[in-house]
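Here is what each chain is made of, one letter per residue.
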Amino acid sequence: MDNQTSILLILRPLLEKNKHLNAALYHKSAKSESIQFLSNYGCDTAILGHWESFGKATLSLYTCRLTINLPMKKSSAVCSGQLQSLKKQLLIQLVKAIKKSNISNFGPSFTNADQNQDENYFTIAYQLIGAITQTYGYNSVVSELLVKVLNLGELKITASKDSKTTLQEYTQKRFRKMPSYTLVDSDGPAHEKIFRAK
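Fair warning: this is a prediction, and the values are worked out from it, not measured in the lab.

**Topic: the overall build of the protein**
Check the secondary structure of the protein and you find eight helices and two strands. Order of helices (α) and strands (β) in the protein, N terminus to C terminus: α-α-α-α-α-α-α-α-β-β. Buried residues in the protein amount to 36% of all 198 residues. Within the protein, contacts between residues at least 6 apart in sequence are counted, and of these 63% link residues at least 24 apart. Here the protein displays about 12000 Å² of accessible surface, and carbon together with sulfur accounts for 52% of that area.

**A look at the environment of Y181**
Mapped onto the fold, Y181 is located in the loop between helix 8 (163-175) and strand 1 (183-187). Sequence-wise, Y181 and R196 are 15 residues apart; in three dimensions their C-alpha atoms are separated by 9.5 Å. When sequence neighbours within four positions are dropped, the list of residues in contact with Y181 reads K164, L167, Q168, A197 and K198.

**Observations regarding the packing of helix 1 (residues 7-17) against helix 7 (residues 138-149)**
Taken N-terminus to C-terminus, the directions of helix 1 and helix 7 make an angle of 170°; their axes are 10 Å apart at the nearest point. What the angle tells us is that helix 1 and helix 7 run roughly antiparallel. Across the interface between the two elements, I7, I10, L11 and L14 of helix 1 pack against E144, L145, K148 and V149 of helix 7. Looking at the contact of helix 1 with helix 7 residue by residue, the classes come out as six nonpolar, no polar and two charged.

Conventions we followed
- One numbering rule holds for all chains: residues counted from 1, following each sequence as written.
- Restriction of local features to residues with pLDDT of at least 70 applies here, the model being predicted, together with a cutoff of 80 or more for giving and counting side-chain atom pairs; totals for whole chains, interfaces and linings are based on all residues.
- Values reported for side chains reflect all heavy atoms of the structure, with hydrogen atoms and water molecules removed beforehand.
- Only DSSP runs of H or I reaching four residues or more are called helices, and only runs of E reaching two or more are called strands; each is numbered from the N terminus.
- Exposed residues in this analysis have more than 50% of their type's maximum accessible area, buried residues have under 20%, and partly exposed residues fall in between, with area computed by a 1.4 Å probe over protein chains only.
- Any pair of residues with heavy atoms lying within 4.5 Å of one another is described as a contacting pair.
- Where accessible areas are quoted, they stem from the Shrake-Rupley method and a 1.4 Å probe; at the residue level, only the protein chains shown are allowed to cover.
- Angular values range over 0 to 180 degrees, each being the angle between N-to-C directions of two axes fitted as lines to C-alpha atoms, with helices fitted over their stretch in contact.
- Just so you know how the angles are binned, under 35 degrees is roughly parallel, over 145 roughly antiparallel, 65 to 115 roughly perpendicular, and the rest oblique.
- When residues are sorted by character, Ala, Val, Leu, Ile, Met, Phe, Trp, Tyr, Cys and Pro go into the nonpolar class, Asp, Glu, Lys and Arg into the charged class, and all the rest, Gly among them, into the polar class.

Below, the structure written as structure tokens:
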């Protein structure tokens, strides 16, 4: 079974058991509808914002756990870049599954063109992750949603290049010689110096 078409099958038991979680499928443009939905179940309407924040934190933690043993981590900047890239790839995979399943709700002001843009589903994806994490726990959101929906084999993990390496590769390719540098200043601890050159 295709991972992205199965999101409905994955979510159905989770959402039926706790019906208020369906409010996570409402975009911010449908705020009045989601508030009404939550009030029907006696829930605090502020929970949507909490779910979104919680979802962002959960996806960040999941991404960190995926990258913990990557051999290409060289510096905090490279590691941070890898984390951001992987998190976005995971988010886009989840968004595609949500879009394909047609389970989200938008406000009346949203056009079909608006509803086709991935960025408009980010909030829904984060709210969904956060709602399931809050209700069922981190391990459940990983095992019951993320692992089943996301295709980790499609992730592209690349080492980022620092600016000096990028400049050297460019000048070698373009001018067939290495750039020359004159050190102007340096700052920072010995193991992580920042150099200014011209």
